[in-house]
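# Examination of the molecular architecture
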Amino acid sequence: MDFNIGGISGDVGIGAVIGFITGYALKKFLKIVAALIGVYILSLFWLQQKGVIKINTEALFNLAKSATQQTIGLADKVIGILPGSAAFIAGFYLGFRKG
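Not measured: the values here are computed from a predicted model.

## Remarks on the UniProt feature "transmembrane region" (unreviewed entry) in the chain
Feature annotation in UniProt assigns "transmembrane region" (unreviewed entry) to the following positions: residues 29–47 and 78–96. The span residues 29–47 shows a helical share of 100% and a strand share of 0%, and its end C-alpha atoms are spaced 27 Å apart.

## What to know about a nonpolar patch on the surface
Taken together, the side chains of Val17, Phe20, Ile21, Tyr24, Tyr93 and Leu94 define a hydrophobic patch exposed on the protein surface, amounting to about 580 Å² of accessible area. Of all the secondary-structure elements, those providing two or more residues to the nonpolar patch are helix 1 (5–49) and helix 3 (86–98). When residues in the nonpolar patch are grouped by element, the largest group, four residues, is from helix 1. Within the element layout of this structure, Tyr93 appears in helix 3. Judged by its relative accessible area of 48%, Tyr93 falls in the partly exposed class.

## Section: helix 3
Taking 1.5 Å per residue as the helical rise, helix 3 with its 13 residues ought to reach 18 Å, and the 18 Å between its terminal C-alpha atoms agrees with that figure. Burial in helix 3 covers these residues: Ala87, Phe88, Gly91 and Gly95. Buried positions in helix 3, seen along its axis, are confined to an arc of 95° and lie on one side of it. Facing away from the buried side of helix 3, by more than 90 degrees, are the exposed residues Ala86 and Arg97.

Cut-offs used in this document
Residues numbered from 1 in each chain as written. Predicted model: local features only at pLDDT ≥ 70, side-chain atom pairs only at ≥ 80, totals over all residues. Heavy atoms only, no water. UniProt positions renumbered as here; feature names shortened; annotations may be inferred. Helix = DSSP H or I, 4+ residues; strand = E, 2+ residues; numbered from the N terminus. Patch = residues over 30% accessible without salt bridge, like charges linked within 9 Å, V, L, I, M, F, W, Y side chains within 5 Å. Areas by Shrake-Rupley, 256 points an atom, 1.4 Å probe, with all protein chains shown as cover. Salt bridge = Lys/Arg side-chain N within 4 Å of Asp/Glu carboxyl O. Buried < 20%, exposed > 50% of the residue type's maximum accessible area, 1.4 Å probe, protein only. Expected span 1.5 Å × (residues − 1). Arc of directions from axis to C-beta.

Written out as structure tokens, the structure is:
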């Protein structure tokens, strides 16, 4: 049986780099999305304060709850698809923290 340490270290390195890039990009994406959602909600409340629109807050909170549940479900699916490589997970963690 041939044990190739160079191949294993290459796979670990690639997994870590891909994990880092994925984590970094995901955190940047989440920051942009959170900022856009915040601006949108603030604009809605500003328009309500000015009397231009009327917001059904119960429906808004139900919509937010539904979106949160769908996001959690998607996250569970993505975690199931991700490779179980420790290097990928470590790289993802470092990239997410750095982003």
